[in-house]
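Each chain, written out:
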Amino acid sequence: MNKQNNPVSAISCDTSPDVQINLNIRGLKPSATVAINEKSNELIKTGKKIYKLGLGQSPFPVPQPVIQALQVNAFQKDYLPVKGLWELRETIAEHHQRSFGIECSAEDVLIGPGSKELMFLIQLVYYGDLVIPTPSWVSYVPQAKIIGRQIRLLHTKAENNWRLTAEQLDQYCSEDPQRPRLLILNYPSNPTGKTYPPEELADLAEVARKYRILLLSDEIYGKIHHKGLHQSIVPMYPEGTVFSGGLSKWCGAGGWRLGLFVFPGCLRWLQEAMAVAASETFTSTSSPIQFAAIKAFEENPDIDLYLTNVRKILNVLGSKLAGILNKSGIKTLAPDGGFYLFPDFSPFRDKLKSKGIHNSSELCEKVLEEAGVAILPGSEFGQPEDALTVRLAYVNFDGDKALQAVDGGEEPDDAFLKQYCGDTLNAVAIIADWIQA
Ligand code: GLU
């Protein structure tokens, strides 16, 4: 049979992907965070010096007691219950009660292979619009597109520390008060590093209650609030908030893929629906990882010390880098938590235009090509196409060495940063020089 006579439903190597790919996923590219990491690694393989400030991966090692627990549990081979290992769910409930004042029990916890997967499932099972304050993490919106949900972006401003205001949320909800909505709030924020003070969280909680919004509180960076002062919104709107967290960021274990949700009792129906979807997709999360994760969430002074030192380093480094960028004229807010900055190059708009750079994608391409620094365009984080913001992950250093130095009594001052976070400092200095050249 010749090509023309092939029915369109038949799969073949030369079938146009436009014909057979689900409409919702047509035209989507691989996630920008994942893609920049792979592109940087390819360039490094060709012998180029590349500063990797693209993917948001913790530079710190997994704490020793947790590694040992994984070694001991390598033999665990059985499928675990779909909602997760009971002992882990218990430990997680106690941990979140202790750390963030979240009233919960083991029943309320759902474990998944990364919180990213759980976020996809909640959007799949909950029939409501996705509401996202931007700038926001790269994957919330594509997940909603894949599922076919309506998406509403609520743009925030740098003058407002990139925070959604209660008035803004109220105004938007009042357009159609009965509409079912899923609002994802993420703080400390990826990509801005900023967080919310408790009084603003309380105001947002009040609006969420008024419109009965389902709130997904993505607090994956909460434990690396630089001052250890993270406040959760869950106790302020317990009946409507699902907490999202995991091991990836604070425990240096992104590749372990261990995420968790904590539900209030009155959203048990949502948790059960997610468990159904989980049972038909990933079945259960890796057994050895779940057994090891118990160690990470138990009370342990060694892990507390690890976290104190991680925060110290990120705090000093984050404000140092923001200082360097601001000095060169690139507007950057000093971060409150996590390991991201969200610099704004708009003061250089005319200069960049003369170099053929009109938007954040072109800016990041040129910075990679000419300065060898991998960063991500603000447009991937929901910023308008012509904005000149970028996300910079300050993670390009050996966190193990830096931690050992702090453990040995060294203070993270300028000399410390030069010695242990040199590549990250250099990368930012290179960007500052590049824009001035
Ligand atoms: N959350 C990290 C980031 O924003 C990396 C992992 C991911 O995006 O899946 O870079």
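All of these numbers come straight from a predicted model, not from anything done at the bench.

Asks: So what exactly am I meant to see when it comes to the packing of helix α5 (residues 115-125) against helix α6 (residues 140-147) here?
Replies: To describe two helices that pack against each other, one gives the angle between their axes and the distance between the axes. Between α5 and α6, the least distance of the axes is 10 Å, while the angle of their chain directions is 40 degrees. Between α5 and α6, the crossing angle belongs to the class labelled oblique. As α5 runs across α6, the sense of the crossing is right-handed. Where α5 approaches α6, its residues Lys 116, Met 119, Phe 120, Gln 123 and Leu 124 are matched on the opposing element by Tyr 140, Gln 143, Ala 144, Ile 146 and Ile 147. Partitioning the contact of α5 with α6 into residue classes produces 7 nonpolar, 2 polar and 1 charged.

Asks: What am I meant to see in the sheet that holds strand β11 (residues 376-377) here?
Replies: Read from one edge of the open sheet, 3 strands run β9-β12-β11, paired in antiparallel fashion. Strand pairing shows two members of the sheet lacking a second neighbour, β9 (340-341) and β11, which therefore form its edges. Two strands pair when backbone bridges link them, and β9 and strand β12 (residues 390-393) are joined in this way by 2 bridges, in the antiparallel orientation. Residue Tyr 340 lies in a different strand from β12, and its bridge partner there is Ala 393.

Asks: Any chance you could explain the site of the ligand here in plain terms?
Replies: As a structural note, the neighbourhood of the ligand is formed by Thr 33, Leu 55, Gly 56, Lys 116, Trp 137, Asn 190, Tyr 221, Lys 249, Tyr 340 and Arg 391. Between the ligand and Thr 33, the relevant distance is 2.7 Å, taken from an oxygen atom to a side-chain nitrogen or oxygen of the residue. Here an oxygen atom of the ligand sits 2.7 Å away from a polar atom, N or O, in the main chain of Gly 56. When the ligand sits alone it has 280 Å² of accessible area, and the protein chains cover 85% of it. Classifying every residue of the shell around the ligand by side-chain character gives 4 nonpolar, 3 polar and 3 charged.

Asks: Even after reading the chapter, I still don't get empty space enclosed by the protein, so can you show me in this structure?
Replies: Remark: the empty space left among the atoms is shown by a probe the size of a water molecule rolled over them. Throughout the structure, instances matching the rule amount to 2 cavities of 30 Å³ or more. Its boundaries defined by the atoms lining it, the largest cavity holds a volume of some 150 Å³. Sorting the residues of the lining of the largest cavity by element identifies β3 (129-134) and β5 (181-186) as the ones contributing at least two each. It is β5 that provides the largest number of residues to the lining of the largest cavity, a total of 3 residues. Split into classes, the residues belonging to the lining of the largest cavity amount to 10 nonpolar, 9 polar and 2 charged. Estimated volume of the second largest cavity: approximately 60 Å³. Counting only elements with at least two residues in the lining of the second largest cavity, the list comes to α4 (86-100) and β7 (241-246). For the lining of the second largest cavity, the element with the highest residue contribution is β7, accounting for 3 residues. Looking at the lining of the second largest cavity residue by residue, the classes come out as 5 nonpolar, 4 polar and 2 charged.

Asks: Would you explain unusual backbone geometry in this entry?
Replies: In the segment running from Thr 134 into Pro 135, the intervening peptide bond is cis, with an omega of 5 degrees. As for its placement among the helices and strands, Pro 135 is situated in the loop between β3 and α6. The omega torsion of the bond from Tyr 187 to Pro 188 falls at -15 degrees, within 30 degrees of zero and hence cis. Backbone geometry places Arg 212, a non-glycine residue, at a positive phi of 50 degrees. You can see Arg 212 is positioned in the loop between α8 (198-210) and β6 (214-218).

What counts as what
Residues numbered from 1 in each chain as written. Predicted model: local features only at pLDDT ≥ 70, side-chain atom pairs only at ≥ 80, totals over all residues. Heavy atoms only, no water. Axes fitted to C-alpha atoms, helices over the stretch in contact; angles between N-to-C directions. Helix = DSSP H or I, 4+ residues; strand = E, 2+ residues; numbered from the N terminus. Parallel < 35°, antiparallel > 145°, perpendicular 65-115°, else oblique. Left-handed = near helix turned anticlockwise from the far one by under 90°. Contact = heavy atoms within 4.5 Å. Nonpolar A, V, L, I, M, F, W, Y, C, P; charged D, E, K, R; others polar. Pairing = 2+ DSSP bridges. Near = heavy atom within 4 Å. Polar contact = N/O pair within 3.5 Å; in protein donor to acceptor, adjacent residues only side chain to side chain. Areas by Shrake-Rupley, 256 points an atom, 1.4 Å probe, with all protein chains shown as cover. 1 Å grid on protein atoms, 1.4 Å probe; cavity = no way out; pocket = protein on both sides within 12 Å on 5 of 7 lines; lining within 4 Å. Points joined across faces, edges and corners; volume = space filled by probe spheres on them.

Keep in mind that these numbers describe shape and distance, not what the molecule does.
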